[in-house]
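Next come the chains, spelled out residue by residue.
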Amino acid sequence: MLVVSLGGSPSQRSRSGVLLERSQRWLQEQGVEVVSYRIRDFPAEDLLHARFDSPKVIDLLQQIENADGVVIATPVYKASFSGALKTLLDLLPERALAHKVVLPIATGGSIAHMLAVDYALKPVLSALKAQEMLQGIFAVDSQIAYGEGSAQAQLAPELEQRLNEYLELFFSAMARRPKPLDPNVLNERLLSARWSI
Ligand SMILES: Cc1cc2nc3c(=O)[nH]c(=O)nc-3n(C[C@H](O)[C@H](O)[C@H](O)COP(=O)(O)O)c2cc1C
């Protein structure tokens, strides 16, 4: 199984990034290959000038095409997901998430914006034709404490449990997703079929 993880925070030290890293580690422990991208790693010029032929964007697209699932994490900015992430999602073709299971993750300063994933991010993921979108995880800043120095960040036990539950759901949704039929295999099956329509 292959998963693409996409971090939508422009910040170097990022709470949504902490949840993404935890997810990545959990998935790797289940034998899933994870390829990770952060919005910070994309050339700002490519994003702001809407360069659809940006090599970094094309590379992301190729990985998504081969992936079973995508985990997208974002901070809540002004009651929505990060604008930087939107500049990247705008460059993806309409069916970029077709056949993919998607797990959205968001962190915010206030519980008041916990629905931002539902009313802001999910419609965009739907427009990209995500096959299955999990409900997603929202955490407030107070539930994620950065570690001192090289110590790892601490999650509130309730958040840790919820994250693990959603990762289980994500993993099983990927395992049962119908695989798109390779056109060559379809052709072969049609040629060897004993009936016609
Ligand atoms: C520019 C900006 C706008 C923000 N707007 C909101 C907001 O509208 N609602 C909210 O709950 N938190 C808001 N926050 C707080 C962040 O969502 C929160 O700290 C988040 O965990 C940051 O994620 P990150 O560390 O991954 O960047 C804002 C933070 C910044 C810097």
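The structure under discussion appears in the preceding block.
Scoring rules and cut-offs
Residues numbered from 1 in each chain as written. Predicted model: local features only at pLDDT ≥ 70, side-chain atom pairs only at ≥ 80, totals over all residues. Heavy atoms only, no water. Helix = DSSP H or I, 4+ residues; strand = E, 2+ residues; numbered from the N terminus. Buried < 20%, exposed > 50% of the residue type's maximum accessible area, 1.4 Å probe, protein only. Lys, Arg positive; Asp, Glu negative; His and termini not counted. Charge placed at Lys NZ, Arg CZ, Asp CG, Glu CD. Phe/Tyr/Trp six-rings, centres within 6.5 Å; stacked < 30°, edge-to-face > 60°. Polar contact = N/O pair within 3.5 Å; in protein donor to acceptor, adjacent residues only side chain to side chain. Expected span 1.5 Å × (residues − 1). Near = heavy atom within 4 Å. Areas by Shrake-Rupley, 256 points an atom, 1.4 Å probe, with all protein chains shown as cover. Nonpolar A, V, L, I, M, F, W, Y, C, P; charged D, E, K, R; others polar. Contact = heavy atoms within 4.5 Å. Salt bridge = Lys/Arg side-chain N within 4 Å of Asp/Glu carboxyl O. Core = buried A, V, L, I, M, F, W, Y, C linked by side-chain atoms within 4.5 Å.

## Considerations on the overall build of the protein chain
Thought 1: Tallying secondary structure elements over the protein chain gives seven helices and nine strands in all.
Thought 2: With respect to the principal axes defined by its C-alpha atoms, the protein chain has extents near 65 × 40 × 30 Å.
Thought 3: Counting over 197 residues, the protein chain shows a buried share of 44%.
Thought 4: The positive charge centre, built from 20 side chains, and the negative charge centre, built from 22, are 2 Å apart in the protein chain.

## Some points on the packing of aromatic side chains
Thought 1: This structure, assessed with the given rule, holds two aromatic pairs.
Thought 2: Measuring from centroid to centroid gives 6.1 Å for W26 and F171, while their planes differ by 80°, and the two rings are edge-to-face. Here the residue W26 occupies a position in helix α1 (residues 15–29), and F171 occupies one in helix α6 (residues 157–176), the gap between them amounting to 145 residues.
Thought 3: Considering the side-chain rings of Y37 and F42, the 6.1 Å spacing of their centres and the 35° angle between planes classify their relative orientation as tilted.

## Focus: the environment of R176
Thought 1: Checked against the element boundaries, R176 lands in helix α6.
Thought 2: Residues R176 and I39, 137 residues apart in the sequence, show an inter-C-alpha distance of 30 Å.
Thought 3: Polar side-chain contacts of R176 include one of 3.2 Å to the side chain of E132.

## Describing α1
Side chains three or four residues apart in an α-helix point the same way, a direct result of the helix having 3.6 residues per turn.
Thought 1: If you check α1, its first and last C-alpha atoms are 21 Å apart, about what 15 residues at 1.5 Å a residue would give, namely 21 Å.
Thought 2: Restricting attention to buried positions, one finds in α1 the residues S16, G17, V18, L19, L20, R22, S23, W26 and L27.
Thought 3: Just downstream of α1 lies G31, where phi reads positive at about 90°.

## Regarding the site of the ligand
Thought 1: If you check the shell around the ligand, you find 18 residues, and the closest are S9, S14, S16, V76 and D141.
Thought 2: Contact distances for the ligand include 2.5 Å between an oxygen atom and a side-chain N or O atom of S16.
Thought 3: A79 is positioned with one of its backbone polar atoms (N or O) 2.8 Å from an oxygen atom of the ligand.
Thought 4: Isolated, the ligand exposes 650 Å² of accessible area, and the fraction of that covered by the protein chains is 73%.
Thought 5: Elements that contribute at least two residues to the shell around the ligand include exactly α1, β3 (69–77) and β5 (101–108).
Thought 6: The leading source of residues in the shell around the ligand is β3, at three residues.
Thought 7: Residues of the shell around the ligand, tallied by class, amount to five nonpolar, nine polar and four charged.

## Quick notes on the environment of V32
Thought 1: With respect to the helices and strands, V32 occurs in the loop between α1 and β2 (33–38).
Thought 2: Along the chain, V32 and L2 lie 30 residues apart, while their C-alpha atoms are 5.9 Å from each other.
Thought 3: Ignoring sequence-local partners within four residues, the contact set of V32 consists of M1, L2, V3, L27 and F171.

## Remarks on the pattern of salt bridges
Thought 1: What the rule picks out here adds up to 10 salt bridges.
Thought 2: Close ionic contact of R51 with D46 constitutes a salt bridge, the shortest N to O distance being 3.1 Å.
Thought 3: Classification of R51 by relative accessible area gives partly exposed; the value is 32%.
Thought 4: Where D90 meets K86, a salt bridge forms, and the shortest distance between an N and an O atom there is 2.7 Å.
Thought 5: Residue class for D90 comes out partly exposed when judged on its relative accessible area of 42%.

## Looking at the nonpolar core
Thought 1: Counting 30 residues, the largest nonpolar core has L6, F42, L60, L88, L89, L92 and L97 as the members making the most contacts within it.
Thought 2: Mapped onto this core, the elements with two or more residues apiece are β1 (2–7), β2, α3 (55–66), β3, α4 (83–89) and α5 (116–127).
Thought 3: With sequence-adjacent residues up to four places away left out, L6 is seen in contact with L20, Y37, F42, V71, I72, A73, L85, L88 and L89.
Thought 4: In this structure, V18, L20, V32 and M174 belong to the second largest nonpolar core, which totals 26 residues.

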